[in-house]
Each structure stands twice: as C-alpha cells, then as structure tokens.
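For reference, the chains in residue letters:
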Amino acid sequence: MSGGEIDRLILLLSRLPGLGPRSARRTALHMLKKREGVMRPLMEALAQVAEKVRACSICGNLDTSDPCMVCADPRRDPALICVVRDVADLWALERAGAFRGRYHVLGGLLSALDGIGPDDLGLDRLEIRARDGGLSEVILALPATVDGQTTAHVIADRLEPLGITLSGLAQGVPVGGELDYLDDGTLTAAFRARRPV
Amino acid sequence: MIEWTDRAIVLSARPHGEDAVVASLLTADHGRHGGVVRGGQGRKLRATLEPGTLVQAHWKARLEDHLGALSLETLAGVAGLVLSDRDRLAALASSCALVDVVLPERAPHPEVFDSLLALLDSLAHGESQGEDDLAWAGTLARWELDLLAAVGFGLDLSRCAITGKTEGLSHVSPRTGRAVCREAAEPWLSRLLPLPTFLLQPEGCPRDGGEVVQALALSGHFLETSPLVPPGKTLPAARRRLVDRVARWATISRVP
C-alpha cells in the first residue's frame, strides 16, 4: 500500500497514548497532506524538545533550562514546596494557578506491584531540600489512592522530625458535584472534613 | 462461555494497555481470581479498583483457563475510610498484598475471604491512635495466623510441644510452629520465637506495641519460611512498611 517509511511512521504514531493503528494512519495522512503547515513545524518542535528539555536538577520538572522556570522564578515563595507524583500533576496545579511556591516531582508512587520503593522516588533529594532550611510547609499533593496516600505517609514519616509543617490536599465534594453521585469514601472524607459555614 | 458472579475483595490492579487493568480479586467461592477489567483506568472505575473494595464481580471467559473479563460493581469501599490514617492504611495495604502473594490462584478459600472482610471492617471503623487503640492490630495479627492455617501452615498454640501443658505458653518453635511453655523454653530462649499472650485468647487485645511486633514477627517468620512465597521473592513491601510502623510505636513507648 505504501513505502516502508510511511508504515514506520504509522507504527511509531500508533504507540503514542490515545492513538491506535487507525488513528495513527489518519494522523500520518494528515501530516503528509499538510507537510509545510503541520509536519515540518512538528518535526522542528520535536527535535528542539528532544535536544533541549531536561529534568530540573532541583525539583524534577521538565524544562529547557536547569533550574526550571518555576525554581528560578524569584516571585515564587521558596518556603513552600508542593510534592506531586509527576509532571502532569505539576502542570495541572499550574493551570489552576492555586499555588505560588515551588514543587518537587517524585516521578511515581510507592508501589508493591511495580516494585517501586522509597529509593526509586528520590525521597533523599526531597529530604535534602527540606534540611537545607528556609522551608515553612511541605504540601503533599498526591492522589487519594492507597498508593498515593501510602507514599504521602512515608514522606511525612521522614520529614516530621525536621519540624516542618506538613499538609495534604483536602478530600471531599468536587465543584459541581452532587452528593447522590459521590462514592462512600469521598462522602465520608467530606463529612470528616466539614467546616463552619 | 464460562461465567460466574460472586462477591469479591479487590487485592490489586495493574494497568493493561491504555484503559484496562488486570485485577486480582479474592472471591468468596472462587478463591483468588484475576481478570481484565475494561475501562479500569477510567475515572468511573478507579475508586472501585482500590485495594480492599468489596465488589460484586462477574467473570466470563471462553475457556476455563483463560484470564477472562471481569465487570465489577462496588458494594462497599474501605480505602476511602482509612486514607488519612497511617496505621490502618498500612494494615489495609499489607493484608491485601499478602493475600495476593500467598494464596494460590483459583483455589477456593471462603474462610480467608470472610476473615479478610472482617479485618477490613475493623480497619474501616474507628480512628487509630497508635498504642492507645490496639484492637485492630490484634485482629490483624490473628488474621495473619488464620491465613497461615487456611493454607496449611497453621501454628499449634493449644499445648506445649514438650510438656503437653496448656498453661504458661510463652514461645513458639520456629521449626515446628508448636507452642512451648515457659519452663520448657528456658534452655532455648534465644532460638525460640516469643508468643504474645493475646494470641492465646480468642478476643485478646495486645497490651502494647511490643506485643504487636512480636505477633507480626511470629507470623512473618512462618510466612517467609513456608513455600507460600515464591522462590526468590520476599514478603510484600507493604507488609515490611507495616512492621516498621508498628516497631516505631513500640520503640517510642519504651523511651522514658
């Protein structure tokens, strides 16, 4: 049907998240039809990202500079560190604009199934940052799952002796959420965390 | 098409492809059973697939030995109730991981299902306050011994292996799993495993963190040395974390 190069492109595209062989074929065809408008800019962007983007040596965020833009920003509060599972969570918090401190990206969660232990998550790096001083609070913004909260508790166990305030994200009714549709765990957590109106 | 419907407890779920997971369940009548849950990585099913969730599971496959597909409906969630409690969360993770490692697949163990359900219920109700509330820790330690018994490696704590006495049992032989009374244990104290007294009473509660540590060391020894753990593997990391956590209370309580 086509040359080996196109098949290879389709194969590579089909390995991307959210794309299967059919959508990879459509994507490849779209790019081939719009070579100048889509394909070349995409090639250049991919080449630049592959060349320049690195993990920040301080927080683990992905950026073209090291330290990353977040760590280098003097307007951010250096006394606050928000611990997140991966860069996608950091981006989500940045989109929300809810946090003006600095981050620490773990790169995963403790998981018995996947054999991920504390050493694999760079918890030593976090502890060194906490020991360096000047920190007033570490916010553990980790998923409300067994693995996520187990990781949060292990981090809390390590940082508690340093006398830093540790906090976690609240669990409860989401914006636009109706009680009837919430699971029992969320409802119970929301009830326990009720506050004066 | 072979199919069944059963109550089950979610033990673990690992991603399979982009949206599915392979779940491991402990069912009431079909033992530990796996299956593919389509859409298991999606928002709707994520809470259902947390360890400890009681579900109504429907499994079907074309042949008996196929992995098969599972559809799940939540009956009761436990994880959400213990997420903020470090000790109980560690106990939940440990017990589910332990069953996942120790029980053979597809061998019915209704008594393990019932005992795990009771354990999860005791974890879900109440707040742990370290050494101030050790009832759940006693239930957990006893449950581990019940798990050993269910898979054929139960300890004999009914009488002393040497004197036959039923009173004053204080240690357990690490080789035979039989209890030994205090006077008979005297010459071999360094080689025997301490037997916390609460394990001898059906509803006994540990007196302190030290007794919980001893009980977990006892069950841990027999879990590790039995052929239940596959060669080259150790007990789950979740159990090690639980033991570390309990050992920490015990240490703190001994500091004057």
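Since the model is a prediction, treat every value here as computed from it, not as a measurement.

1. A closer look at the overall build of chain B
Looking only at helices and strands, chain B has 8 helices and 8 strands in total. Over its C-alpha trace chain B gives a radius of gyration of 20 Å, about what one expects of a compact globule, namely 18 Å for 256 residues. Oriented by its inertia axes, the alpha-carbon framework of chain B measures out at about 60 × 40 × 30 Å. Residues classed as buried in chain B amount to 51% of the 256 residues present. Taking as baseline every contact in chain B between residues at least 6 positions apart, the subset at least 24 positions apart corresponds to 58%. Of note, chain B has its 27 positive side-chain charges centred 5 Å away from the centre of its 31 negative side-chain charges.

2. Considerations on the overall build of chain A
Helix and strand content of chain A: 8 helices and 6 strands. Helices (α) and strands (β) of chain A occur, in sequence order from the N terminus, as α-α-α-β-β-α-β-α-β-α-β-α-β-α. Taking 197 residues into account, the globule formula puts the C-alpha radius of gyration at 16 Å, and chain A, at 21 Å, lies well above it. With the C-alpha coordinates aligned to their principal axes, the bounding extent of chain A is approximately 65 × 45 × 35 Å. Buried residues in chain A amount to 35% of all 197 residues. A fraction of 49% describes how many contacts in chain A between residues 6 or more apart in sequence connect residues 24 or more apart. For chain A, the exposed surface amounts to about 12200 Å²; the carbon and sulfur share of it is 56%.

3. What to know about the environment of Leu89(B)
Structurally, the position occupied by Leu89(B) is in helix H3 (residues 86-102). Spatially, the C-alpha atom of Leu89(B) lies 40 Å from that of Pro187(B), the residues being 98 residues apart in sequence. Those residues in contact with Leu89(B) that sit more than four places away from it in its chain are Val146(A), Gln149(A), Thr150(A), His153(A), Val82(B) and Leu83(B).

4. Regarding the interface of chain A and chain B
Contacts between chain A and chain B engage 21 residues on the former and 21 residues on the latter. Each partner contributes to the roughly 1900 Å² buried at the junction of chain A and chain B, and carbon and sulfur atoms together form 53% of this total. The interface formed by chain A and chain B includes 4 salt bridges. With a closest N to O distance of 3.2 Å, Arg248(B) and Asp157(A) form a salt bridge. At the surface where chain A touches chain B, the tally comes to 8 residue pairs in polar contact (both at pLDDT 80 or more).

5. A look at unusual backbone geometry
In this model, Asp66(A) is joined to Pro67(A) through a cis peptide bond whose omega is 0°. If you trace the backbone, Pro67(A) turns up in the loop between strand S2 (62-63) and helix H4 (69-72). If you check the backbone angles, Arg106(B) has positive phi at about 65° while not being a glycine. Within the secondary structure layout, Arg106(B) lies in the loop between H3 and helix H4 (110-124). A relative accessible area of 29% places Arg106(B) in the partly exposed class.

6. Description of the nonpolar core
In this structure, Leu92(B) and Leu116(B) are the most contacted members of the largest nonpolar core, which totals 68 residues. Examining the composition of this core, we find that 10 residues originate from one element, H3(B), more than from any other. Both of domain 1 (2-76) and domain 2 (84-157 + 195-254) of chain B provide at least three residues apiece to this core. Residue contacts for Leu116(B): discarding those within four places in its chain leaves Ile9(B), Leu11(B), Leu26(B), Ser95(B), Val99(B) and Trp143(B). Residues Ala130(A), Val138(A), Val154(A) and Ile155(A) belong to the second largest nonpolar core, which totals 19 residues.

7. Quick notes on the pairing of strand S3 (residues 77-84) of chain A
The two faces of a sheet get side chains in turn, since along a regular strand they alternate between them. All names here are of chain A. Across the 8 residues of S3, 6 count as buried, placing the element largely inside the fold. Relative to strand S4 (residues 101-105), S3 runs parallel, the two being bridged by 5 bridges. In the sheet register, isoleucine 81 faces S4, and the bridge partner there is arginine 102. Regarding the hand of the β-α-β motif, the stretch spanning S3, helix H5 (residues 87-96) and S4 is right-handed. Of the strand pairs in this sheet, S3 and strand S5 (residues 137-141) are connected by 5 bridges, and their pairing is parallel. In the strand pairing of S5, leucine 80 is matched with glutamate 137.

8. Focus on the environment of Asp73(A)
Residue and element names in this part refer to chain A. Tracing the backbone through its elements, the reader meets aspartate 73 in the loop between H4 and S3. When the C-alpha positions of aspartate 73 and arginine 54 are compared, they lie 17 Å apart, and in sequence the two are 19 residues distant. If we ignore the near neighbours within four places in the chain, the residues touching aspartate 73 are Arg100 and Arg102. A polar contact is formed between the side chain of aspartate 73 and the backbone nitrogen of arginine 75, at a distance of 2.9 Å.

9. Describing helix H1 (residues 4-14) of chain A
Residues and elements named next belong to chain A. Within H1, burial applies to Ile10, Leu13 and Ser14. For H1, the arc enclosing every buried residue in end-on projection is 100°, short of the 170-degree limit, so these residues lie on one face. Facing away from the buried side of H1 by over 90 degrees, the exposed positions are Gly4, Glu5 and Arg8.

10. Structural notes on the domain arrangement of chain B
Residue and element names in this part refer to chain B. Domain annotation of chain B identifies domain 1 (2-76) and domain 2 (84-157 + 195-254). Here the C-alpha centre of domain 2 lies 24 Å away from the C-alpha centre of domain 1. Listed per partner, the contact involves 24 residues of domain 1 and 17 residues of domain 2. Remark: the boundary between domain 1 and domain 2 carries 1 salt bridge. Arginine 32 is the salt-bridge partner of aspartate 100, the closest N and O atoms lying 3.3 Å from each other.

Conventions adopted
- Residues numbered from 1 in each chain as written.
- Chains lettered and ligands numbered in written order.
- Predicted model: local features only at pLDDT ≥ 70, side-chain atom pairs only at ≥ 80, totals over all residues.
- Heavy atoms only, no water.
- Helix = DSSP H or I, 4+ residues; strand = E, 2+ residues; numbered from the N terminus.
- Rg over C-alpha atoms; globule rule 2.2 N^0.38 Å.
- Buried < 20%, exposed > 50% of the residue type's maximum accessible area, 1.4 Å probe, protein only.
- Contact = heavy atoms within 4.5 Å.
- Lys, Arg positive; Asp, Glu negative; His and termini not counted.
- Charge placed at Lys NZ, Arg CZ, Asp CG, Glu CD.
- Areas by Shrake-Rupley, 256 points an atom, 1.4 Å probe, with all protein chains shown as cover.
- Buried area = accessible area lost by both parts, 1.4 Å probe.
- Salt bridge = Lys/Arg side-chain N within 4 Å of Asp/Glu carboxyl O.
- Polar contact = N/O pair within 3.5 Å; in protein donor to acceptor, adjacent residues only side chain to side chain.
- Core = buried A, V, L, I, M, F, W, Y, C linked by side-chain atoms within 4.5 Å.
- Domains from an automatic or database assignment.
- Pairing = 2+ DSSP bridges.
- Right-handed = clockwise from strand over helix to strand, strands pointing away.
- Arc of directions from axis to C-beta.

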